[in-house]
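# Observations on the three-dimensional arrangement
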Amino acid sequence: MSYPEPRYLGEQGEITALFRPADTPPDITAPTGNHTHYLATHTSTGGEFGLYRVDLGPASPGPSTHFHRSISESFFVLSGAVNLFNGDQWITARPGDFLYVPPGGLHAFHNEADEPASMLLLFTPGAPREEYFEKIGEVAQRGGEELREFLLRHDSFFVDPP
């Protein structure tokens, strides 16, 4: 295995690092008490990856079983217990546990515990997922063709109705 072809061809390097302080407020707060923090978006990483911290409230639902055709999704539990579906079985993941789901892999998650939980979500390559997180609730309520088009545009294919 070898490294990818160089993408930076300069000789001195550049000052291009991005910093996001830990006390930055969440980008999305859902009625369920969940918070989503955009740590690195497809825009800020030039499409390389998207990294989000998701704080789940106690007994918090998540998406039903689905897959993506163009992106992988990885889960890293920071605190609490997160129920992760690996396409075959539900796993109670605890801090330090990691799940990688390649494109096409069935997956789902939720927090069934009475305590909050937090995890990192990593999408590769980076896709514009922010609109998905911001609008899925309202679009799902309207349903119909609008929901089908929204899910298709955001590379989300549900096995169970969302």
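Note that this is a predicted model, so its numbers are computed, not measured.

## A word on a nonpolar patch on the surface
- On the surface, Phe76, Leu78, Phe98 and Tyr100 cluster together into a nonpolar patch covering about 400 Å² of accessible area.
- The set of elements that each furnish at least two residues to the nonpolar patch consists of strand E5 (72-79) and strand E8 (98-101).
- By the element assignment, Leu78 lies in strand E5.
- Given the relative accessible area of 36%, Leu78 is considered partly exposed.

## Concerning the pairing of strand E3 (residues 50-56)
- Burial within E3 is extensive, with five of its seven residues counted as buried.
- With five bridges connecting them, strand E2 (residues 35-40) and E3 associate as antiparallel partners. Bridge assignment links Ala40 to a residue of E3, and that residue is Leu51.
- Where E3 lies against strand E10 (residues 117-124), seven bridges are found, and the strand directions are antiparallel. Counterpart to Arg53 in the pairing with E10 is Leu120.

## Overview of the sheet that holds strand E9 (residues 108-110)
- If you trace the three strands from one edge of the open sheet to the other, you get E7-E6-E9, paired in antiparallel fashion. For this open sheet the edge positions go to strand E7 (90-93) and E9, each flanked by a neighbour on one side alone. For this sheet, the mean inter-axis angle between neighbouring strands, taken without regard to orientation, is 25°.
- The pairing of strand E6 (residues 82-85) with E9 spans three bridges and is classified as antiparallel. Residue pairing for E9: Leu84 is matched across the bridge by Phe109.

## What to know about the nonpolar core
- Counting residues in hydrophobic clusters, the biggest one holds 19 residues, and the most contacted among them are Leu56, Phe75, Val82, Leu84, Phe109, Met119 and Leu121.
- Of all the secondary-structure elements, those providing two or more residues to this core are E3, E5, E6, E8 and E10.
- Of all the elements, E10 adds the most residues to this core, at four residues.
- When sequence neighbours within four positions are dropped, the list of residues in contact with Leu56 reads Asn34, Val82, Phe109, His110, Asn111, Pro116, Ala117 and Met119.
- Membership of the second largest hydrophobic core comes to seven residues, among which are Tyr132, Leu147, Phe150 and Leu151.

What counts as what
- Residues numbered from 1 in each chain as written.
- Predicted model: local features only at pLDDT ≥ 70, side-chain atom pairs only at ≥ 80, totals over all residues.
- Heavy atoms only, no water.
- Patch = residues over 30% accessible without salt bridge, like charges linked within 9 Å, V, L, I, M, F, W, Y side chains within 5 Å.
- Areas by Shrake-Rupley, 256 points an atom, 1.4 Å probe, with all protein chains shown as cover.
- Salt bridge = Lys/Arg side-chain N within 4 Å of Asp/Glu carboxyl O.
- Helix = DSSP H or I, 4+ residues; strand = E, 2+ residues; numbered from the N terminus.
- Buried < 20%, exposed > 50% of the residue type's maximum accessible area, 1.4 Å probe, protein only.
- Pairing = 2+ DSSP bridges.
- Axes fitted to C-alpha atoms, helices over the stretch in contact; angles between N-to-C directions.
- Core = buried A, V, L, I, M, F, W, Y, C linked by side-chain atoms within 4.5 Å.
- Contact = heavy atoms within 4.5 Å.

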